[in-house]
Amino acid sequence: MFKNRMKYIVDKWGKSPNIFGWELWNELSFCGGSGSEKVDAAWVDEMGAYLRNYELTKYGKSHLVLVSPPGFIPWQQFFYNSPSMDTLTTHYYTDTSCNSLRPIGVAQE
């Protein structure tokens with residue numbers, strides 16, 4: 001079902017020069033991820049490769065593929081070296097109760 005969703009999105013907006021990239025999932029480990037680094041990494045690799053190949057086949061080029069972890073510093077290694085991702089995006093939270101999610105708190109640790 002997720003591959004069909006990606007196909008629909010690429011078919012509808014893939015020609016647009018205003019698209020920076022396709023984010024596979026926002027805050028993968030918190031919202032939709034399995035919680036297992038191995039399973040989440042396999043999902044990102046499969047979906048990222050599928051998305052890139054579909055777009056390349058359809059348009060001859062592809063947008064960037066990204067995914068985001070929860071928090072400012074990703075703790076799963078695959079966020080740094082997935083072959084199916086071009087970049088990742090992190091989140092800046094202002095909640096002072098959790099330093100690991102805030103850039104200033106991370107810098108102070």
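Look up a bit, the structure's there.
The shown structure was predicted, so the numbers you read here are calculated from the model rather than taken from an experiment. (Residues numbered from 1 in each chain as written. Predicted model: local features only at pLDDT ≥ 70, side-chain atom pairs only at ≥ 80, totals over all residues. Heavy atoms only, no water.)

Chemist: Lay out the side chain of Ser-68 in plain terms, naming residues and giving numbers.
Modeler: Here Ser-68 is to be found in the loop between strand S2 (64–67) and helix H3 (78–81). You can call Ser-68 buried: its relative accessible area is 0%. For Ser-68, the side chain forms a polar contact with the side chain of Glu-23, separated by 2.7 Å. (Helix = DSSP H or I, 4+ residues; strand = E, 2+ residues; numbered from the N terminus. Buried < 20%, exposed > 50% of the residue type's maximum accessible area, 1.4 Å probe, protein only. Polar contact = N/O pair within 3.5 Å; in protein donor to acceptor, adjacent residues only side chain to side chain.)

Chemist: Now, about the packing of aromatic side chains: what can you tell me, with residues and values included?
Modeler: Inspection of the entire model under this criterion finds 5 aromatic pairs. Between Tyr-8 and Trp-13, the ring centres sit 6.3 Å apart and the planes meet at 90°, which makes this aromatic pair edge-to-face. Both rings, one in Trp-25 and one in Trp-43, keep their centres 5.7 Å apart while their planes meet at 85°; by these two values the pair is edge-to-face. Here Trp-43 lies in helix H2 (residues 37–59) and Trp-25 lies in the loop between strand S1 (21–23) and H2, a separation of 18 residues in the sequence. On the basis of relative accessibility, which here comes to 29%, the residue Trp-25 falls in the partly exposed class. Overall, Trp-43 belongs to the partly exposed group, its relative accessible area being 21%. Taken together, the aromatic side chains of Phe-2, Trp-25 and Trp-43 make up a single cluster linked through ring pairs. (Phe/Tyr/Trp six-rings, centres within 6.5 Å; stacked < 30°, edge-to-face > 60°.)

Chemist: Tell me about the layout of surface pockets, and please be specific about residues and values.
Modeler: Over the atoms rolls a probe the size of a water molecule, and in doing so it shows where empty space is left. What the largest pocket holds in volume is close to 210 Å³. Along its surface, the largest pocket is lined by Phe-2, Arg-5, Met-6, Ile-9, Val-10, Trp-22, Glu-23, Leu-24, Trp-25 and Leu-51. Those elements giving two or more residues to the lining of the largest pocket turn out to be helix H1 (2–13) and S1. Residues of the lining of the largest pocket, tallied by class, amount to 8 nonpolar, no polar and 2 charged. (1 Å grid on protein atoms, 1.4 Å probe; cavity = no way out; pocket = protein on both sides within 12 Å on 5 of 7 lines; lining within 4 Å. Points joined across faces, edges and corners; volume = space filled by probe spheres on them. Nonpolar A, V, L, I, M, F, W, Y, C, P; charged D, E, K, R; others polar.)

Chemist: For the environment of Ala-42, give the residues involved together with the corresponding values.
Modeler: If you trace the backbone, Ala-42 turns up in helix H2. A sequence separation of 36 residues divides Ala-42 from Phe-78, and the C-alpha atoms of the two residues are 9.2 Å apart.

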